[in-house]
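Spelled out from the first residue to the last, the chains are:
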Amino acid sequence: MKITINQDQSYSETEVIINCHQADEDILRLVAMLRIYQKKLVGILDGERHLLDVKDILYIDTADKKTFLYTEKQVFQSALRLYELEDTLKELDFFRAGRSTILNFRRVRSVRPELGRRWLVTMDNNEQIWVSRQYAGELKEKLQQAERSIFK
């Protein structure tokens, strides 16, 4: 793969152009990584609305019919429902970990299989979250994709 960066003061914004023979899985993954840096979500904290970079969100959880966005240091409430966030973030490497939880795979530090076909995931901030056996297959698939991309 050839990478070229052209810097010029006359450019008003950054533009990324990918020239390829065919958009394969690696190219699509690269595009998804670029998109995650552009995406923002609105989080509510103490009555104020904050624009959050999606890359900073560790996981999303629901409790008492409310949806929460967890970053390393703060917890924000979201006006969106979990299924709406799941649809929006699926292409950005977020995945369902349980009935009420979505994890940012890019912020996972380690995973460990546990009894009952569940997995224990440790996030970048050392917080641990269970992946239910119903959603363990998606986690395994993401791990396999990550391993395949390392050895290409």
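Remember, it's a predicted structure, so these values are computed and weren't measured experimentally. (Residues numbered from 1 in each chain as written. Predicted model: local features only at pLDDT ≥ 70, side-chain atom pairs only at ≥ 80, totals over all residues. Heavy atoms only, no water.)

## Brief notes about the pattern of salt bridges
Basically, it comes down to this: Basic side-chain nitrogens of Lys or Arg form a salt bridge, by our definition, when they fall within 4 Å of a carboxyl oxygen of Asp or Glu. Each residue's exposure class comes from its accessible area (1.4 Å probe, protein chains only) as a fraction of the maximum for that residue type: buried when under 20%, exposed when over 50%, partly exposed otherwise. We count a stretch as a helix when DSSP gives it H or I for four or more residues in a row; a strand needs E for two or more, and each element gets its number in order from the N terminus.
Tallied over the full model, the rule gives nine salt bridges. Across the pair D53 and K55 runs a salt bridge whose closest N-O atoms are separated by 4.0 Å. According to the relative accessible area criterion, K55 is partly exposed, its value standing at 27%. The closest approach of N and O atoms between D93 and K142, which form a salt bridge, is 2.8 Å. Linking D93 in the loop between α2 (82-89) and β6 (94-98) with K142 in helix α3 (residues 136-150), this pair joins segments that are 49 residues apart in sequence. D93 sits in the buried class, given a relative accessible area of 16%.

## Points about the packing of aromatic side chains
We count it as follows: Aromatic rings from Phe, Tyr and Trp, with only the six-membered ring used for Trp, were paired whenever their centres fell within 6.5 Å, and each pair was classed as stacked if the ring planes differed by under 30 degrees, edge-to-face if by over 60, and tilted otherwise. Two thresholds decide whether a charge sits over a ring: the Lys NZ or Arg CZ must be within 6 Å of the ring centre and within 35 degrees of the ring normal.
Here the structure, examined in full by the defined rule, presents two aromatic pairs. On the basis of an interplanar angle of 10° and a centroid distance of 4.3 Å, the ring pair of Y59 and Y70 is categorised as stacked. Linking Y59 in strand β3 (residues 59-63) with Y70 in strand β4 (residues 66-70), this pair joins segments that are 11 residues apart in sequence. Among the residues examined, Y70 registers a relative accessible area of 18% and is labelled buried. Here F95 and F105 contribute two aromatic rings whose centre-to-centre distance is 6.2 Å and whose plane-to-plane angle is 70°, an arrangement assigned as edge-to-face. Of this pair, F95 sits in strand β6 while F105 sits in the loop between β7 (101-104) and β8 (108-113), and the two are 10 residues apart along the sequence. Note on accessibility: F95 and F105 belong to one class, buried. Its end group placed over the ring of W130, R118 keeps NZ or CZ at 4.0 Å from the ring centre. We note K142 situated over the ring of F105; from NZ or CZ to the ring centre the distance is 6.0 Å.

## What to know about α2
Which entries qualify depends on this criterion: What the arc measures is the spread of directions leading from the helix axis to the C-beta atoms. What makes two residues a contact is simply this: any of their non-hydrogen atoms within 4.5 Å.
Of the residues making up α2, those classed as buried are L82, L85, E86 and L89. The arc enclosing the buried residues of α2, seen along the axis, measures out at 105°, which places them on a common side. Looking at the buried positions of α2, the neighbouring elements they touch are β1 (40-45), β3, β4, β5 (75-78), β6 and β7.

## Thoughts on the sheet that holds strand β9 (residues 119-123)
Each strand in a sheet pairs with another by means of backbone hydrogen bonds, the pair being arranged parallel or else antiparallel. To keep it simple, the criterion reads: When DSSP finds two or more bridges between two strands, those strands count as paired. Every angle, taken between N-to-C directions, lies between 0 and 180 degrees, and every axis is a line fitted to C-alpha atoms, over only the stretch in contact when it is a helix.
Read from one edge to the other, the open sheet built from three strands follows the order β8-β9-β10, with strand pairing classed as antiparallel. What marks the edges here is a single partner per strand, and that holds for β8 and β10 (128-131). In this sheet, adjacent strand axes meet at a mean angle of 25° when their direction is disregarded.

## Let's talk about the nonpolar core
Grouped burial of nonpolar side chains is what soluble globular proteins tend to show. Basically, it comes down to this: By nonpolar core is meant a set of buried Ala, Val, Leu, Ile, Met, Phe, Trp, Tyr and Cys residues that side-chain atoms within 4.5 Å join together.
Y59, F95, L103, V121, M123, V131 and L139 are the most contacted members of the largest nonpolar core, which totals 16 residues. Listing elements by their share of this core, those giving two or more residues are β6, β9, β10 and α3. When residues in this core are grouped by element, the largest group, three residues, is from β9. The residues contacting V121, other than those within four sequence positions of it, are L103, V108, S110, V111, E127, Q128, I129, V131 and L139. Core analysis: the next-biggest nonpolar cluster, separate from the first, contains 14 residues, L52, V54, I60 and I102 among them.

Keep in mind these values describe shape, not function.
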